[in-house]
Amino acid sequence: MYRFTLGHAAITLINAGDIRADLRAWFGLPLAESQPSQDSVQPVAVPMQNVHIALGQASVLVDASRWASAPDSEFYLPGYSPPPTLATQLAAAGVVSGEITHVVITHAHFDHFNGLADPTDGDGKPCFPNARHYLSQADWESADIQSALHHPHSLTNRTLGMLHRRGSLALVNGDLGIADGIAILAAPGETPGHQIVRVQSEGKVLYCIGDLYHHPLEVERPDRQVWWADAKANRASRERIVSAALREDAFVIAAHIRGLGKLRQTADGVRWVTVDVATRQGT
Ligand SMILES: [Zn+2]
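Small disclaimer: the values here were computed from a predicted structure and weren't measured.

Assigned secondary structure in the protein chain consists of 8 helices and 17 strands. Expressed along its principal axes, the backbone C-alpha trace of the protein chain runs to roughly 50 × 45 × 35 Å. For the protein chain, contacts bridging at least 24 residues in sequence account for 66% of all contacts bridging at least 6. Of the roughly 12500 Å² that the protein chain leaves accessible, carbon and sulfur atoms contribute 52%.

Okay, here's the thing in structure tokens:
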């Protein structure tokens, strides 16, 4: 867990657990680019980072992940012991799950929403029962999600479907302010409706960028994109957010890039730098 303040906002960054990322496969690189000298395109362990923002009356969670990699999964890391669950880590940070007001799901990939429901409850019980949950309409209407919703026992149906039936799921179109200083910004590409969160307080800005980037290599090499992204939409979203973040000297948190970062303009492009402004560091 990593905590810092951004103006009047208290930010808590929680890693719900590491997963294996086969970057060569993700970037669709030919084998020639996966030689041992190319460390950065070898399989690596990446975190699943969720962010809690406390600002004014708002208690906002960005993504809700649950570490549940089975040994036969491509995401499984042999010998890895996961950290305490998201709920346990939130409680340790003094955040009461029932008091969370907003949960923003950056996009409808399992590693960003599988922590929305209690897996021990057959019908799926919301982990954040009093929150309004925000997913893009484009992701909700995507063929993958709609077909998964037809299977009662699917993860999608027991999380997003359950929230929709309860009337707790707001479907977002474009940019949307959700609280004073906190806004959802559309950033399509990773999925049709991928969205990010912008926090502003006392002139300081933080972007929780979800999977706009998965690895610092993508920041330096704009031609590197995961094979499943809509390349044109992704490029446009990156250009919008990168230019804003550079102009605002903003902090940036990506779901799968460990810790807190900033973007830096270099002579030949843009680079990701890790920064440390923690006010208190726990487990
Ligand atoms: Zn992801």
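Moving on, we get to the pattern of salt bridges. Under the counting rule described, the total for this entry stands at 8 salt bridges. Between Arg258 and Asp18 there is a salt bridge; the shortest N-O distance is 3.1 Å. Remark: Asp18 occurs in strand β2 (residues 9-21) and Arg258 occurs in the loop between β14 (251-254) and β15 (260-266); sequence separation between them is 240 residues. By relative accessible area, Asp18 is classed as buried at 8%. Note that Asp249 and Arg264 form a salt bridge whose closest N and O atoms lie 3.5 Å from each other.

Moving on to the nonpolar core. Ranked by internal contacts, the top residues of the largest apolar core, which has 28 residues, are Ile11, Ile53, Ile182, Val199 and Leu206. Grouped together as the second largest cluster of nonpolar side chains are 25 residues, Val95, Ile105, Ala117 and Ile145 included.

All right, on to the coordination of the zinc ion then. With distances of 2.1 to 2.3 Å, the protein atoms coordinating the zinc ion are Asp111 (OD), His112 (NE2), Asp211 (OD) and His256 (NE2). Angles of 83 to 172 degrees at the metal separate the 4 donor atoms of the zinc ion, which places the site in the irregular class. We note that the donor set of the zinc ion lies within a single chain, spaced as D-H-x98-D-x44-H. Of this pair, Asp211 sits in the loop between β13 (204-210) and α7 (216-220) while His256 sits in the loop between β14 and β15, and the two are 45 residues apart along the sequence. The buried category is assigned to His256, whose relative accessible area is 3%.

What follows is about helix α6 (residues 155-165). With 8 of 11 residues buried, α6 is to be regarded as a mostly interior element. Three or more residues of α6 are buried, namely Thr156, Asn157, Arg158, Thr159, Leu160, Gly161, Met162 and Leu163. The positive-phi residue at the C-terminal boundary of α6 is Gly167, with phi of around 75 degrees.

With that settled, the discussion passes to the packing of aromatic side chains. Counting across every chain of the model gives 6 aromatic pairs. With a centroid separation of 6.0 Å and 50 degrees between ring planes, the pair formed by Phe4 and Phe251 is classed as tilted. With Phe4 in strand β1 (residues 2-6) and Phe251 in strand β14, the pair connects residues that are 247 residues apart, well separated along the chain. Residue class for Phe251 comes out buried when judged on its relative accessible area of 12%. With 5.4 Å between their ring centres and 85 degrees between their planes, Trp227 and Trp228 make a pair best called edge-to-face. Among the residues examined, Trp227 registers a relative accessible area of 60% and is labelled exposed. Among the aromatic side chains, those forming a connected cluster through ring pairs are Tyr2, Phe4 and Phe251. The ring of Phe251 is capped by Lys262, whose NZ or CZ atom sits 4.5 Å from the centre of that ring.

The rules we used
Residues numbered from 1 in each chain as written. Predicted model: local features only at pLDDT ≥ 70, side-chain atom pairs only at ≥ 80, totals over all residues. Heavy atoms only, no water. Helix = DSSP H or I, 4+ residues; strand = E, 2+ residues; numbered from the N terminus. Contact = heavy atoms within 4.5 Å. Areas by Shrake-Rupley, 256 points an atom, 1.4 Å probe, with all protein chains shown as cover. Salt bridge = Lys/Arg side-chain N within 4 Å of Asp/Glu carboxyl O. Buried < 20%, exposed > 50% of the residue type's maximum accessible area, 1.4 Å probe, protein only. Core = buried A, V, L, I, M, F, W, Y, C linked by side-chain atoms within 4.5 Å. Donors = N, O, S within 2.8 Å, 3.2 Å for Na, K, Ca; no water. Tetrahedral: all angles 85-135°; square planar, octahedral: opposite > 155°, others 65-115°. Phe/Tyr/Trp six-rings, centres within 6.5 Å; stacked < 30°, edge-to-face > 60°. Lys NZ or Arg CZ within 6 Å of the ring centre and 35° of its normal.

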